[in-house]
Amino acid sequence: MGEEALKEMSASEDTLVVVKPDGVRRGLVGEILRRFESKGFVIKKLHMLTMSRSQAEEFYSVHSAKPFFGELVSFITSGPVVGAVLSGRDAVATVRRMVGATKSWEAAAGTIRGDFGLGLTDNCIHASDSAESFTKESAAFFGQTRG
Ligand code: CMP
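Residues numbered from 1 in each chain as written. Predicted model: local features only at pLDDT ≥ 70, side-chain atom pairs only at ≥ 80, totals over all residues. Heavy atoms only, no water.

To continue, consider the site of the ligand. Near the ligand, the surroundings consist of K20, Y60, H63, F68, L72, T102, R113, L120, T121, N123 and H126. Contacts to the ligand include K20, whose side-chain N or O atom sits 2.8 Å from an oxygen atom. Bound to the protein, the ligand loses 79% of the 450 Å² it would expose on its own. Among the residues forming the shell around the ligand, the class breakdown is four nonpolar, five polar and two charged. (Near = heavy atom within 4 Å. Polar contact = N/O pair within 3.5 Å; in protein donor to acceptor, adjacent residues only side chain to side chain. Areas by Shrake-Rupley, 256 points an atom, 1.4 Å probe, with all protein chains shown as cover. Nonpolar A, V, L, I, M, F, W, Y, C, P; charged D, E, K, R; others polar.)

Laid out in structure tokens, this is it:
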């Protein structure tokens, strides 16, 4: 294998996105996944589920001391969500750029949140903000699921 090909492989990383209950209810799963696939990311895992309260608390444990934690857990458990592990070059940062700002009304046009909503808790999609978050969140999300 050539040096360039090796460099390309080592630049690849994984991240997790979760289409939130508002995104699923509004029929945006296909459109959101299409954007990531069109960009060149590979879907390594894909799973739809409704999070239990304890699963949601583990998933969002980094926010457990925040005043909005209760609302966050209630919302994310309010219906089915779709989680995907995406793999590709600089995935964590690139996917976060495609997702856009947390406050959807401030998110830039062309980003997922910028194009599909005005919410804060209901901001269509979650994406891991670091490799460490990816490891923790995907363990909480996928748990015992195989593959
Ligand atoms: P997400 O990327 O899933 O990470 C944590 C979530 O908390 C965030 O998106 C928002 O949906 C939600 N949230 C609710 N209230 C706030 C707030 N005041 N500040 C930041 N995030 C908030």
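Here the narrative resumes.
Let's shift gears to the packing of aromatic side chains. Counted by the stated rule, this structure contains two aromatic pairs. Their ring planes at 75° and their centres at 5.0 Å tell us that F59 and Y60 sit as a pair that is edge-to-face. Accessibility assignment for this pair places F59 and Y60 in one class, buried. Aromatic side chains F141 and F142 sit 4.9 Å apart centroid to centroid with 75° between the ring planes, which places their arrangement in the edge-to-face category. (Phe/Tyr/Trp six-rings, centres within 6.5 Å; stacked < 30°, edge-to-face > 60°. Buried < 20%, exposed > 50% of the residue type's maximum accessible area, 1.4 Å probe, protein only.)

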